[in-house]
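Spelled out, the chains give:
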Amino acid sequence: MLILLRDRQTILLLFLMPVALILFLSLAMEGVWTDKLTGRKIQLVIENKSNTLKANLLAEKIKSNKLIQTVDRPRDMTDDEIFADGRAHAIVTIPGGFDEGDQPVEMYFDPVIDAGYKIAARSLITSIIVEVVMGIDNLDAVIAGLLIEKTKPNRNFPTPLQQNVPGYAIFAMFFIAIPMSIGFLKEKKDGTLQRLFTYPVNTNLLILGKIVPYYLINVFQFVLMLLVGVYIMSHIISFSFHLGEHPWHMVPVTLVVAAATTGFGVLVAALARTPEQSSTLAATGAVLMGVFGGIMMPHALMPMVMKKVAMISPMYWAHQAYLDIFIRDAALTAILPKLIVLTLFAGICFYIAGRRVQWI
Amino acid sequence: MNALDISSITFSYEGATVRALQNVSLTVTDGRMQALLGPNGAGKSTLMRVITGQLRGYSGDISIYGKKMPDRKALLSIGYAPQPISLYTTLTARENLNFFGAMAGLSDEQIVLRSEIVLEQTGLTAHAEEPVAIYSGGMQRRLNLAVALLHSPKLLLLDEPTVGVDPQSRNHIYDTLRELNAAGMTILLSTHIMEEAERLCSSVTLADKGEVIFNGQMSEIDDLEKLFLEKTGRGLRDE
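Remember, predicted model here, so these are calculated numbers, not experimental data.

Visitor: Give me helix H14 (residues 314-326) of chain A: which residues, what numbers.
Guide: Residue and element names in this part refer to chain A. Taking 1.5 Å per residue, 13 residues should reach 18 Å; H14 reaches 19 Å between its end C-alpha atoms and fits that length. Among the 13 residues of H14, 13 are classified as buried, and the element is accordingly described as predominantly covered. One side-chain oxygen of the residue at the start of H14 lies 3.1 Å from the amide nitrogen of methionine 315, identifying that residue as serine 313.

See the structure below:
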């Protein structure tokens, strides 16, 4: 353990890498999540060139709508510059002659606006125009008698913190394979490992002694990332980090995930012949597992084929086990199948490593 | 009782076509310092690794103070300093001794006491708290020896203990070995340096190509180098 802790750069990397990934990717995804989950106000520049009673009423109704945030046109900025600067999603122009019905209201959209968002904004402005033109006081109240909205509670789509904290903690835990395999190969090369076998110590105990420190580091990595998520990140971004109804389920999940990540490390150590090989193997393996396993791209957003492919990655099972806790309030029995898959993965890794590795 | 009895040991590395050890028999009498001499590829290090239980799958018998190997308890009678500097270089000398002391089953008190003694014996007391990474080659070699001495073994196995060290460190190691032997420790010294064997050892075993080709008392040999070249030939050993 002391030898591992002396390698300060590696330890620092194992803890700082996931913190940085959680911080920057959560901030980067915040906007996407806001659009996706809670919705955000449509930012509009309104230009009223008519200034008649109806045109003014229309402008006023648009401005007072709770889904719209009006933006004053910055001085000397063209429409394109407004979009390029991200100041507004669309520009609504009420033309002269609107009252007479000669000229339609114009909506000029930001070219990179999400298509769904564009349709929603268009529908909203349309309904307000209908209210003003038809003289209806509240179209929503009329529609309410014809259409009732019901939304199933979210059980699949995590918030940025629910996605990224366990995701990148797991990702970093799999990176333990790099120092683990390099340490093993180095000890073998300089003869310290062979020297240990000249002492009257049980071989299995000796091997366990080599593995346990890495297992503990893995557990500590997750705990630290969780603390960062709960106590730091939730103050930085606008989403809270809801841990679900049974946060203690994280204990068995983390213990099993750490066994899987340590198993991966032992496997890499057994397969690699040089430190260069082990770094490449571990890093490539971890990144691929992260890509497929729904760490870098949320599993809920993947196409169906990729959702199925994700199941080959142990990171998928680990991540879903945490999401079971955070967003599905799952009972331990519901999480158990994922833990069995991870335990099997760990078992297979240790078995192959045990068959292949030449300890001395 | 003999400290070490090796009888008809034959061993091959996996996939190798040539045997690394061929019917090797060797006896080291208790209290003696014996040289195991041989050119590169003679099988000296392999024999050391077989004796210390690192290599399995050999035929023949090995006994250490009457205990037939493999017997992991018999390993406690052995102190082994391998040819590579087998130490944790990010740790200090004392931390290395603490770790290897625990591996040898010493209590905390014994580790503290024995560490002071072996650090003194190897001239490293002043550097005990420094990381091994900043040690010179000679200091690392001396610490390699100190670790082997830590649990007060009765039989010390040294594999090329002075490779790559300066004359000062080499002489210090020679003095230490003489003192240890005078105090009753049995030593098997694997080396290919004639002068080292002549200066330190009372008996010699000559090995080549995995076989023992000579056993005798140092006092009976007039010119060790001449005997060595006669027995092993003058051809280059590039393997």
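Alright, that's what it looks like, and here's the rest.
Visitor: Residue-level account of the side chain of serine 115 of chain B, with values.
Guide: Among the secondary structure elements, serine 115 of chain B is positioned in helix H3 (residues 108-121). Aside from chain neighbours lying at most four places away, what touches serine 115 of chain B is Arg94, Leu97, Asn98, Gln110 and Leu150 of chain B.

Visitor: An account of unusual backbone geometry is requested, with residue identities and associated values reported.
Guide: The phi dihedral of aspartate 76 of chain A falls on the positive side, at around 65 degrees, and the residue is not glycine. Turning to its location among the elements, aspartate 76 of chain A is positioned in the loop between strand S2 (68-70) and helix H4 (79-84).

Visitor: Tell me what's going on with the nonpolar core, and back it up with residues and numbers.
Guide: Formed by 62 residues in total, the largest nonpolar core has its most connected members in Met250, Val253, Val257, Met315, Tyr322 and Phe326 of chain A. Among the elements of the structure, helix H2 (8-38), helix H7 (160-174), helix H8 (177-190), helix H10 (203-236), helix H11 (250-271), helix H12 (275-292), H14 and helix H15 (332-356) of chain A are those that each provide at least two residues to this core. When neighbours within four sequence positions are excluded, valine 253 of chain A is seen to be in contact with Ala321, Tyr322, Ile325, Ile335 and Leu339 of chain A. In this structure, Leu206 of chain A together with Ala35, Ala81 and Leu150 of chain B belong to the second largest nonpolar core, which totals 58 residues.

Visitor: Tell me about the interface of chain B and chain A, residues and numbers included.
Guide: Contacts between chain B and chain A engage 30 residues on the former and 20 residues on the latter. With both chains or domains summed, chain B and chain A bury close to 2,100 Å², and 58% of this area falls on carbon and sulfur atoms. It is Arg72, Tyr88 and Met103 of chain B that lose the most area in chain B upon contact with chain A, and together they represent 31% of the buried surface on that side. One can count 0 salt bridges joining chain B with chain A. For the interface between chain B and chain A, the tally reads 6 residue pairs in polar contact (both at pLDDT 80 or more). Within the side of chain B that touches chain A, the residues separate by chemical class into 16 nonpolar, 9 polar and 5 charged.

What counts and how
Residues numbered from 1 in each chain as written. Chains lettered and ligands numbered in written order. Predicted model: local features only at pLDDT ≥ 70, side-chain atom pairs only at ≥ 80, totals over all residues. Heavy atoms only, no water. Helix = DSSP H or I, 4+ residues; strand = E, 2+ residues; numbered from the N terminus. Expected span 1.5 Å × (residues − 1). Buried < 20%, exposed > 50% of the residue type's maximum accessible area, 1.4 Å probe, protein only. Polar contact = N/O pair within 3.5 Å; in protein donor to acceptor, adjacent residues only side chain to side chain. Contact = heavy atoms within 4.5 Å. Core = buried A, V, L, I, M, F, W, Y, C linked by side-chain atoms within 4.5 Å. Buried area = accessible area lost by both parts, 1.4 Å probe. Salt bridge = Lys/Arg side-chain N within 4 Å of Asp/Glu carboxyl O. Nonpolar A, V, L, I, M, F, W, Y, C, P; charged D, E, K, R; others polar.

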